[in-house]
Amino acid sequence: MTTVVSITNGGFAINGVPTYAGRRWKGHRIEGLLFNSRMANAIADDENPATRGAWAYADGEWDAERNTREFIAALPTYRAHGLLAVCLNLQGGSPQGYSWHQPWRIGGFTADGVLKPAWAARLEKVIVACDRLGMVVILGLFYGKQSGTLKDEAAVKAAVTNTVDWLVERAATNVLIEIGNEVDLEGVFAHPIIAAQRCHELIELARKRSQGQLLVSTSLLALGAPPAGILATADFLLPHGNRIHGPDGPLQPSPHGIRLQVANWRAAPGYRGQPIVYNEDDHFAFDKPDNHFVAAVESGASWGYFDYRRSRERFEDGFQSLPVDWTISSRRKRAFFGLSKEITGA
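Predicted model only: the values in this text are computed from it and were never measured. (Residues numbered from 1 in each chain as written. Predicted model: local features only at pLDDT ≥ 70, side-chain atom pairs only at ≥ 80, totals over all residues. Heavy atoms only, no water.)

Participant: What exactly am I supposed to notice about the packing of helix 2 (residues 64-80) against helix 3 (residues 117-133) here?
Facilitator: Put simply, helix 2 and helix 3 touch, their axes get as near as 10 Å, and they point 10° apart. Classified by the angle their axes make, helix 2 and helix 3 are roughly parallel. In this structure, the crossing between helix 2 and helix 3 has a hand that is right-handed. Of the residues in helix 3, those touching helix 2 at Ala-64, Glu-65, Thr-68, Phe-71, Ile-72, Leu-75, Pro-76 and Arg-79 are Arg-122, Lys-125, Val-126, Ala-129, Cys-130 and Leu-133. In terms of residue class, the contact of helix 2 with helix 3 is made up of 9 nonpolar, 1 polar and 4 charged. (Axes fitted to C-alpha atoms, helices over the stretch in contact; angles between N-to-C directions. Helix = DSSP H or I, 4+ residues; strand = E, 2+ residues; numbered from the N terminus. Parallel < 35°, antiparallel > 145°, perpendicular 65-115°, else oblique. Left-handed = near helix turned anticlockwise from the far one by under 90°. Contact = heavy atoms within 4.5 Å. Nonpolar A, V, L, I, M, F, W, Y, C, P; charged D, E, K, R; others polar.)

Participant: I keep staring at the packing of aromatic side chains and nothing clicks. Help me out?
Facilitator: All chains considered together, the criterion is met by 26 aromatic pairs. Between Tyr-305 and Phe-319, the ring centres sit 6.2 Å apart and the planes meet at 90°, which makes this aromatic pair edge-to-face. Taken as a pair, Tyr-305 in strand 13 (residues 304-305) and Phe-319 in the loop between strand 13 and helix 9 (331-344) lie far apart in primary sequence, 14 residues in all. An identical accessibility class is assigned to Tyr-305 and Phe-319; each is buried. Where Tyr-305 meets Phe-336, the ring centres are 4.3 Å apart and the plane angle is 10°; that geometry is what we call stacked. (Phe/Tyr/Trp six-rings, centres within 6.5 Å; stacked < 30°, edge-to-face > 60°. Buried < 20%, exposed > 50% of the residue type's maximum accessible area, 1.4 Å probe, protein only.)

Participant: Could you clarify how one ought to interpret the pairing of strand 8 (residues 136-142) in this entry?
Facilitator: If a strand is regular, its side chains alternate between the two faces of the sheet. Where burial is concerned, most of strand 8 is hidden: 7 out of the 7 residues are buried. Remark: the strand 7 (residues 85-89)/helix 3/strand 8 crossover connection has right-handed handedness. Where strand 8 lies against strand 9 (residues 175-180), 5 bridges are found, and the strand directions are parallel. Residue pairing in the sheet places Val-137 in a bridge with Val-175 of strand 9. Handedness of the crossover is the feature at issue here: the chain leaves strand 8, passes through helix 4 (residues 153-169), returns alongside strand 9, and the resulting connection is right-handed. (Right-handed = clockwise from strand over helix to strand, strands pointing away. Pairing = 2+ DSSP bridges.)

Participant: Sorry, what's going on with the sheet that holds strand 3 (residues 17-18) here?
Facilitator: Within a sheet, adjacent strands bond to each other through the backbone by hydrogen bonds, running parallel or antiparallel. As summarised here, the arrangement of the 3 strands in space is 1-2-3, forming an open sheet in which the pairing is antiparallel. Strands at the two margins of the open sheet, each flanked by one partner only, are strand 1 (5-8) and strand 3. Alignment of strand 2 (residues 11-14) against strand 3, held across 2 bridges, turns out to be antiparallel. Within strand 3, the position partnered with Ile-14 by the bridge is Val-17.

Participant: Please clarify how the side chain of Ser-147 should be interpreted in this entry.
Facilitator: Residue placement: Ser-147 occurs in the loop between strand 8 and helix 4. Residue Ser-147 is classed as buried on the basis of its relative accessible area of 0%. Separated by 2.7 Å, the side chain of Ser-147 and the backbone oxygen of Gly-144 make a polar contact. Not counting the four nearest positions on each side in its chain, Ser-147 is found in contact with Gln-91, Val-188, Phe-189, Ala-190, His-191 and Ile-194. (Polar contact = N/O pair within 3.5 Å; in protein donor to acceptor, adjacent residues only side chain to side chain.)

Next comes the structure, spelled out in structure tokens:
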């Protein structure tokens, strides 16, 4: 691999050079940030024959290899608009956006925590493609409703060590690890070691197993301070803006805004100056002078776009709902990537 992601002076660097080096936007420093988009199902497959047919394309049945191939084909366009990272998950993400009942079987691990070869092959293709473009992969390991496919805590630990070993063997220096998606989400993780109060154990396991070669964190919904164990072990911090409604700015005040969330996390006892990276937020308003993206930038935090297909929307809409149109093909996508290009100067 030729792309190496690191953290220097509280910001991200690629091959030793700060991201967006020297860039400022409306007086705000962009250097060191890592703008990203949630593409959780870019390497996904569904092993449940009862649900697999729901993800069929208009011109053919669901095809996991096609899905990944079309995603990789879109990467250069994302990069040309200033996007530096894509977020995947080895247990996917709800192909309906939000759904409590999730009967599908989407996951890259066996019950014992072994990485499935087909998933590993697709992941490797994405990592290599991103490496060529100087892009980063934020790789999630566990997703709440699919975590029960792992049979016990030993299997969870095995999944972590097997993934880390696989990445280290391939010198995947452009990968950041996200142990679990929204580990403080109530009642969804089948194993307590993944959930917020114990997730730091898996962060420590991944960091030690990689011998410092991989940077590791986990994502949270919390408006207030993250758990002390996560603050003490995570190399960077991953808030989600889904439950935050408003940027908390003068044009659109909110008691629970993005600016407040960033401030709360930085003020938390135990905060060590880690970079703050939103890698999931489904609030847009990109045509407004103040929105979640802008609020994060003004707070010195990276921001991540999360887009799924709403009811009655077209195939072109969304980046998570299966099947996915990975092109910049909808009004929302164009608005996000347009603002990304403006902010980054791409």
